[in-house]
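Per-entry structural report
The chain contents come next:
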Amino acid sequence: MALNSVKEVDVLIVGAGPTGLALAVDLARRGVPALVAERAPRLFPGSRGKGIQPRTLEVLDDLGVIDPVLAAGGPAPVGMLWADGVRQGEHRMFDEPETTEAAPYSGPWLLPQWRTQEILYARLTELGGAVAFDTEVTGLDQDAAGVTARLADGSAVRAAYAVAADGGRSAVRRALGVGMTGETVDPKPFLVADIRVREGALDRDNWHIFPPSGDTGLTAVCPLPGTPDFQLTARFTDGSAPDTSPDGVRKAVAARTHLAAEDVTEVRWASDFRPRAALADRFRAGRVFLAGDAAHVHSPAGGQGLNTSVQDAYNLGWKLGLVLRHGAPDALLDTYEEERLPNAARMLDLSTRIHRGQARRGAATRQLGLEYQDSSLSLDTRPPLPEGGVRAGDRAPDGRLATGRRVFDAFRGPHFTLLAVGTQPELPSFEADLVHVHRADALDGYGEGLFLVRPDGYVGWAGRGGTDPRGNPQEDLQKYLTSTKLEVLRSWS
């Protein structure tokens, strides 16, 4: 896509990885013109971030891509330990929770990163969005009205806001002078590659694990659903650097497994990395936001990196939409860093502990418990709060409305949702495009009351029902909208 000498958009997104594409999709459905600038000539070709957690599946459901995601991927296979070419037994890598009505997606879903990006890119183009490939941002200037990005071809892009989603070595973050604090999680390098093997050489029912032996570190070969490929990961403990050439990959497979080098019929992509954990000092610098790996770099253990990154985009998208399309104040955007930085820090700590064998891949990795209870956008006006019930700042669970419709179906879209559960109060008027109102006689986990659910599926405000003599729901809700700068949701006509 060719750019004019100066192109004007509302939002410039630097990087067409899962973070940038998810944000672009969210903005496109809100009618916010955005441009994704990607320095590479095409989408990333490797499987790298292959595990999609249940909370991220809920996000992808809302973004309108859950059907292709489910069709193209598959559940994580059971691990199989090997020694000297002989199966040693199964290894359960993940706790296996039950699917419930409140949480329709239970365990991790495997999908190669390149396929996730293809699906998001197709959705973006369907919505009229665009990616400018072969477009490198070489510098940024800010002023009170916007951001001007200089491009390598001598042209420029002018935007109200910019988002750095250009990876762990983010050029935008460096240009902003934002520091990143971190540590080496593992001093030994890893090889990761997408390979194809001779038919029958390895079954596709298991995640094949080859424990360390002699000078070789842990090696794993995982079938990638929806493709004929496997993902190889190999830890190098002998002091050598991984050889990412096709011959180097084949030699690594032959040295670490019972397969011969010639059993690897194709090496489709290969890279090397040293696991580290790092967190940007800030997620906002003026009119520029950091998201995804540009803001936090994870060990791949536990599959938290891509998921945390997509949820950065999901948190930022609705806030940019309210500011740019509905006149909400710029101060609303400060809550992006307020909410996402501490959550990213928690996920970084979890990834590191899993990598070091200090924690299991359990409930925390599924990210269904992620919450914003301490956020300035969260207010609960129900004293006393129900024991174990949904509170302001919590993820809003799925369920069934009085009509029989799924709650998540009611949430789907760029709007807020006001749920009246077990109560029939008189409600204030709202902008119809911004707030949808639904009622339910009862919803498991919610308890009786009113719940204003944000576009990203978290409860912003929870209040008493209209039959509760201790409060006025209209007054309480109005106070919340005023204090959070969300008065744009009200209809004043």
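**Quick look at the side chain of Asp398**
With respect to the helices and strands, the residue Asp398 is situated in the loop between β22 (379-380) and α10 (407-411). Judged by its relative accessible area of 4%, Asp398 is buried. A polar contact of 3.3 Å, which involves the side chain of Asp398, links it to the backbone nitrogen of Val407. Apart from residues no more than four positions distant in its own chain, Asp398 is found in contact with Glu101, Ala102, Pro104, Arg406, Val407 and Phe408.

**Some words on the pairing of strand β11 (residues 156-164)**
Burial runs high along β11: eight of the nine residues are buried. Two strands pair when backbone bridges link them, and strand β10 (residues 147-151) and β11 are joined in this way by four bridges, in the antiparallel orientation. Considered in β11, the bridge of Ala149 is made with Val157. Connecting β10 to the next strand, β11, in antiparallel fashion are four residues, including Gly154 with a positive phi near 95 degrees. Direction of pairing for β11 relative to strand β20 (residues 288-290): parallel, over a ladder of three bridges. Following the sheet pairing, Val163 is matched in β20 by Phe289.

**A closer look at the sheet that holds strand β21 (residues 296-297)**
If you trace the three strands from one edge of the open sheet to the other, you get β12-β18-β21, paired in antiparallel fashion. A single partner strand is all that each edge strand has here, and the edge strands are β12 (180-184) and β21. In terms of strand pairing, β12 meets strand β18 (residues 276-280) through five bridges, oriented antiparallel. Within the sheet, the bridge partner assigned to Gly182 lies in β18 and is Ala278. Across the sheet, helix α8 (residues 334-355) touches β12, β18 and β21, and the angle it forms with β18 is around 170 degrees.

Reading the values: the criteria
Residues numbered from 1 in each chain as written. Predicted model: local features only at pLDDT ≥ 70, side-chain atom pairs only at ≥ 80, totals over all residues. Heavy atoms only, no water. Helix = DSSP H or I, 4+ residues; strand = E, 2+ residues; numbered from the N terminus. Buried < 20%, exposed > 50% of the residue type's maximum accessible area, 1.4 Å probe, protein only. Polar contact = N/O pair within 3.5 Å; in protein donor to acceptor, adjacent residues only side chain to side chain. Contact = heavy atoms within 4.5 Å. Pairing = 2+ DSSP bridges. Axes fitted to C-alpha atoms, helices over the stretch in contact; angles between N-to-C directions.

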